[in-house]
Amino acid sequence: MKKEEDYFRFIGNIRDNISSDIISEISPAYLSEPRGLYRNKSLHIIKPRSTKEVSGCLKLATKHKICVVPWSGGTGLVGGQIALDQYHVTLSLERMNKINNFSVVNQSIEVEAGVILQSIHEFVGNKNFLFPLSMASKGSCCIGGNLATNAGGVGVLKYGNARDLCLGLEVVLADGSIINDIKTIKKDNTGYDLKNLFIGSEGSLGIITRAVLRLFPTPQNKIVTFFGVPSFKSALESYIAISNRFGQYLQAFELISDEGLRFLEETNMDQSAAKKNKSPWHVLMELGFNSNSVEQDVYDVLDDLYNRNIILDVISGDTEAKARKLWKIREDIPEANKKIGAISSHDISVPLENMESFINKSLIEIKKLNRFLRVNCFGHMGDGNLHFNIFPPQKETNSSYMDLKPKLIEIINTNCKSLEGSFSAEHGVGRLKVKDLKQYCDPGKFYVMGQIKK
């Protein structure tokens with residue numbers, strides 16, 4: 001009873017002392033997450049318009065001992081945006097969506113946490129600059145959540161994760177204290193690196209409200225190609241050959257399995273741009289550059305790889321429209337996965353030299369459980385991050401196979417650990433992987449994280 005009284009006293013204090021129009025009963029748009037694994041039980045949602053209002057809300061939440069769950073774009077895949085108790089309040093940053101202080105000289109931009117990622121792309125693109133963080137959810141995810149989860153996406157190979165693209169942060173702590181580390185400088189050794197502590201902390205240490213982001217001049221030319229490879233070993237060979245010669249231009253090297261293309265066909269999604277490609281594995285590659293001399297050199301290397309049967313069926317995205325169609329194949333795979341319904345989904349990373357061992361070992365062990373299970377393996381091969389998802393046989397539903405899920409998780413996570421990898425590469429821990437963190441994280445690291453949280 002006291003819990004309920006404290007909660008409604010907190011709600012009343014928000015209305016009386018901060019603003020009555022920033023809090024309302026929660027609506028259906030905030031009740032679920034993309035994979036449908038969790039249901040948000042919050043009774044209310046708070047939508048502050050400024051850092052000052054965020055601070056005031058958290059100060060009152062601490063006073064009344066109310067849990068606050070930050071909501072960014074709601075696109076996270078591990079349930080971190082979901083409150084599991086009706087007396088935990090959801091706080092959305094969506095009203096804090098201003099873009100400020102674009103600087104050509106500093107090659108930077110200041111944004112509030114609720115700015116949608118695609119809006120940043122469009123804003124800086126109109127000024128011939130690039131913010132390279134990009135993923136399939138770019139039209140709805142927000143930069144605050146991207147930073148809180150240290151999002152990866154398709155540009156990590158050249159530009160790094162979200163952490164590498166942030167120069168400064170403003171964060172509100174649980175007691176309402178504000179840390180203002182909004183800077184455009186790249187070197188600052190004045191004490192602990194607090195910025196990078198908050199990036200990737202998934203809202204567990206504070207709420208990000210503003211950030212300064214690094215920008216890059218937009219490359220004037222690009223090459224987008226889609227090609228088949230007869231084996232994973234060939235995919236790795238082609239990556240090594242291309243990155244050794246053109247590493248400074250290589251922006252993406254995405255691995256796609258033939259199963260991924262079959263999933264697109266099965267869900268009636270367009271994959272016509274790659275139809276003639278019948279290989280077991282495929283690569284989508286993008287390079288960006290300014291020198292006109294680079295293009296012919298790249299195609300010469302591709303010709304050599306083709307003549308040695310390392311790559312097959314090369315499809316060139318030699319117009320903007322063709323390039324977009326090739327990228328759409330990669331971007332539509334998560335949606336196809338969602339329509340089919342995975343038994344178990346995994347976002348893992350392993351060293352490149354161990355990746356083939358991980359795939360082969362995991363496939364053998366999965367087939368031993370049930371030889372009819374399907375695996376859609378795809379992802380950011382260039383930076384060692386794979387999405388390794390297990391599905392029921394065609395025309396069957398995942399609900400009939402959920403008894404296998406614990407064993408599947410054990411297979412994937414154990415193989416990751418034994419091959420010096422991570423069970424969470426870019427999606428985070430959230431609610432979904434808390435037990436995995438306790439089981440597979442180094443005990444010393446786990447202890448220190450607990451101490452920092454305290």
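Details of the structure are given in the entry above.
Now for a quick tour of the structure. Bear in mind that the values here come from a model prediction, so they are computed numbers and not experimental data. (Residues numbered from 1 in each chain as written. Predicted model: local features only at pLDDT ≥ 70, side-chain atom pairs only at ≥ 80, totals over all residues. Heavy atoms only, no water.)

Thoughts on the packing of aromatic side chains
Any two aromatic rings considered together are summarised by their centre-to-centre distance and by the angle between their planes.
Item 1. Enumeration over the complete set of coordinates arrives at 14 aromatic pairs.
Item 2. Relative to Phe8, the ring of Tyr7 has its centre 5.2 Å away and its plane inclined at 90 degrees; by these criteria the two rings are edge-to-face.
Item 3. Taking relative accessible area as the criterion, Phe8 reaches 40% and is therefore assigned partly exposed.
Item 4. Ring centres of Tyr239 and Phe253 lie 5.1 Å apart, and the angle between their planes is 65 degrees; this geometry places the pair in the edge-to-face category. You can see Tyr239 sitting in helix H7 (residues 232–246) and its partner Phe253 sitting in strand E13 (residues 250–257), a full 14 residues away along the chain.
Item 5. Residue classification places Phe253 among the buried residues on the basis of a relative accessible area of 1%.
Item 6. Members of the aromatic cluster, connected to one another through ring pairs, are Tyr7, Phe8 and Tyr87.
Item 7. Over the face of the ring belonging to Phe102 we find Lys127, whose NZ or CZ atom lies 5.3 Å from the ring centre.
Item 8. Between Lys127 and the ring centre of Phe123, over which it is positioned, the NZ or CZ distance is 5.2 Å. (Phe/Tyr/Trp six-rings, centres within 6.5 Å; stacked < 30°, edge-to-face > 60°. Buried < 20%, exposed > 50% of the residue type's maximum accessible area, 1.4 Å probe, protein only. Helix = DSSP H or I, 4+ residues; strand = E, 2+ residues; numbered from the N terminus. Lys NZ or Arg CZ within 6 Å of the ring centre and 35° of its normal.)

Some remarks on the pattern of salt bridges
Item 1. In the structure shown here, the tally under the stated rule is 22 salt bridges.
Item 2. A salt bridge links Glu365 to Lys361, with the shortest nitrogen-to-oxygen separation between them at 2.7 Å. With Glu365 and Lys361 both in helix H11 (residues 352–369), this residue pair falls 4 residues apart, about one helical turn.
Item 3. Taking the relative accessible area as the measure of exposure, Glu365 reaches 22% and is therefore partly exposed.
Item 4. Residue class for Lys361 comes out partly exposed when judged on its relative accessible area of 37%.
Item 5. In this structure, Glu410 engages Lys407 in a salt bridge whose closest nitrogen and oxygen atoms are separated by 3.8 Å. (Salt bridge = Lys/Arg side-chain N within 4 Å of Asp/Glu carboxyl O.)

Some points on the sheet that holds strand E8 (residues 166–172)
Whenever strands of a sheet pair, they do so through backbone hydrogen bonds, lying parallel or antiparallel.
Item 1. Ordered by their spatial adjacency, 5 strands build an open sheet running E5-E6-E10-E8-E9, and the pairing between neighbours is antiparallel. In the strand order of this sheet, the two ends are held by strand E5 (99–103) and strand E9 (178–181), each with one partner. Within this sheet the neighbouring strands show an average axis-to-axis angle of 15 degrees, counted without direction.
Item 2. Strand direction decides the pairing type here: E8 and E9, joined by 4 bridges, are antiparallel. (Pairing = 2+ DSSP bridges. Axes fitted to C-alpha atoms, helices over the stretch in contact; angles between N-to-C directions.)

Topic: the packing of helix H8 (residues 258–266) against helix H10 (residues 320–340)
Item 1. For the pair H8 and H10, the least separation of the axes is 9 Å and the interaxial angle reads 65 degrees. The angle between H8 and H10 falls in the class roughly perpendicular. Judged by the sense of rotation from one axis to the other, the crossing of H8 with H10 is left-handed. Touching Gly260, Leu261, Phe263, Leu264 and Glu266 of H8 are Ile329, Asp332, Ile333, Ala336, Asn337 and Ile340, all from H10. (Parallel < 35°, antiparallel > 145°, perpendicular 65-115°, else oblique. Left-handed = near helix turned anticlockwise from the far one by under 90°. Contact = heavy atoms within 4.5 Å.)

Some points on a nonpolar patch on the surface
Item 1. Where nonpolar side chains cluster on the molecular surface, the patch consists of Tyr192, Leu194, Leu197, Tyr447, Val448 and Ile452 and spans about 650 Å² of accessible area.
Item 2. Counting only elements with at least two residues in the nonpolar patch, the list comes to helix H6 (194–198) and helix H14 (443–453).
Item 3. Broken down by element, the residue count for the nonpolar patch peaks at 3 residues, all from H14.
Item 4. Inspection of the secondary structure assignment puts Tyr447 in helix H14. (Patch = residues over 30% accessible without salt bridge, like charges linked within 9 Å, V, L, I, M, F, W, Y side chains within 5 Å. Areas by Shrake-Rupley, 256 points an atom, 1.4 Å probe, with all protein chains shown as cover.)

Keep in mind that these numbers describe shape and distance, not what the molecule does.
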